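A look at the structure
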Amino acid sequence: MLQTLPKIDETYIQTGQVRYVVKDFPLPSHANAQVAAEAARCAGVQGGYWTMHGRLFQDQKEWASQARETVIQTMVSYAQELGLDGEALRQCVESGQFGELIRQDQWEGQQAGVQGTPSFLINGQLVVGAYPYEAFEAFIEAALAAEP
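About the cut-offs
- Residues numbered from 1 in each chain as written.
- Predicted model: local features only at pLDDT ≥ 70, side-chain atom pairs only at ≥ 80, totals over all residues.
- Heavy atoms only, no water.
- Helix = DSSP H or I, 4+ residues; strand = E, 2+ residues; numbered from the N terminus.
- Rg over C-alpha atoms; globule rule 2.2 N^0.38 Å.
- Buried < 20%, exposed > 50% of the residue type's maximum accessible area, 1.4 Å probe, protein only.
- Contact = heavy atoms within 4.5 Å.
- Axes fitted to C-alpha atoms, helices over the stretch in contact; angles between N-to-C directions.
- Parallel < 35°, antiparallel > 145°, perpendicular 65-115°, else oblique.
- Left-handed = near helix turned anticlockwise from the far one by under 90°.
- Nonpolar A, V, L, I, M, F, W, Y, C, P; charged D, E, K, R; others polar.
- Phe/Tyr/Trp six-rings, centres within 6.5 Å; stacked < 30°, edge-to-face > 60°.
- Salt bridge = Lys/Arg side-chain N within 4 Å of Asp/Glu carboxyl O.

Broken down by element type, the protein carries eight helices and two strands. What you see in the protein, going N to C, is helices and strands ordered as α-α-α-α-α-α-α-β-β-α. Relative to its length of 148 residues, the protein is compact, with a C-alpha radius of gyration of 16 Å against a globular reference of 15 Å. Taken over the C-alpha atoms alone, the protein extends approximately 50 × 30 × 25 Å along its principal axes. For the protein, the proportion of its 148 residues judged to be buried stands at 37%. In the protein, 57% of the contacts between residues at least 6 apart in sequence involve partners at least 24 apart.

Now for the packing of helix H3 (residues 49-58) against helix H5 (residues 68-81). Packing of H3 against H5 leaves a shortest axis separation of 10 Å and a crossing angle of 130°. It follows from the interaxial angle that H3 and H5 lie oblique. Like other packed secondary-structure pairs, H3 and H5 cross with a definite hand, here right-handed. Packed against H3, whose contacting residues are Met52, Arg55 and Leu56, the element H5 presents Met75, Tyr78, Ala79 and Glu81 at the interface. Taken together, the residues of the contact of H3 with H5 sort by class into five nonpolar, no polar and two charged.

This brings us to the packing of aromatic side chains. The tally for this structure, following the rule as stated, stands at six aromatic pairs. Centroid distance tyrosine 131 to phenylalanine 139: 5.7 Å. Interplanar angle 80°. Geometry classified as edge-to-face. Given the relative accessible area of 32%, tyrosine 131 is considered partly exposed. You can call phenylalanine 139 partly exposed: its relative accessible area is 26%. A network of ring pairs unites the aromatic residues Phe120, Tyr131, Phe136 and Phe139 as a single cluster.

Cis geometry marks the peptide bond from threonine 117 to proline 118; its omega dihedral reads -5°. Within the secondary structure, proline 118 sits in the loop between helix H7 (99-111) and strand S1 (119-122). Unusually for a residue other than glycine, asparagine 123 sits at a positive phi of about 50°. By secondary structure assignment, the location of asparagine 123 is in the loop between S1 and strand S2 (125-128). Judged by its relative accessible area of 56%, asparagine 123 is exposed.

What follows covers the pattern of salt bridges. Applying the stated rule across the entire model yields nine salt bridges. Between aspartate 24 and arginine 41 there is a salt bridge, with the nearest N and O atoms lying 2.7 Å from each other. Pair noted here: aspartate 24 is in the loop between helix H1 (4-13) and helix H2 (33-45) and arginine 41 is in helix H2, with a separation of 17 residues, a long-range link. We note a salt bridge from glutamate 87 to arginine 90, for which the minimum N-O separation is 3.3 Å. Here glutamate 87 and its partner arginine 90 are both found in helix H6 (residues 86-95), three residues apart, which amounts to about one turn of the helix. On the accessibility criterion, glutamate 87 (41% relative accessible area) is partly exposed. Overlapping salt bridges, with partners in common, bring together Lys23, Asp24, Arg41, Asp105 and Glu108 in one network.

Purely geometric stuff here, so don't read any function into it on its own.
Structure, rendered in structure tokens:
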């Protein structure tokens, strides 16, 4: 998806044909998925959601099985490396201010049939898995053609 999204963005999102909405869906099988989702949201408060999001996926093997205090420190370090205020991120994560919002996203995903990630809803049609651009192009073009 890391290579596909920029093409979708250029072709469909920036042209106003598609609205791209991200919802959190931390998997219970990943012990630190919830705290990672919170760290990304907390980075977003500082304008760094996407950079933190990318860093978390890039280095997932490093933090995935760390203890809670260690994983928070790792995310603080990432924030600092990305030019964000690490202590503000720590306070935000530890406060749990985005916990309920993330749980709401997760519930909405479950209601839509999401069971894992990545999953996408394209005009209500669930698409599960990471596909090359050409596959998403076909899904999107079919959805656009079906619109009244």
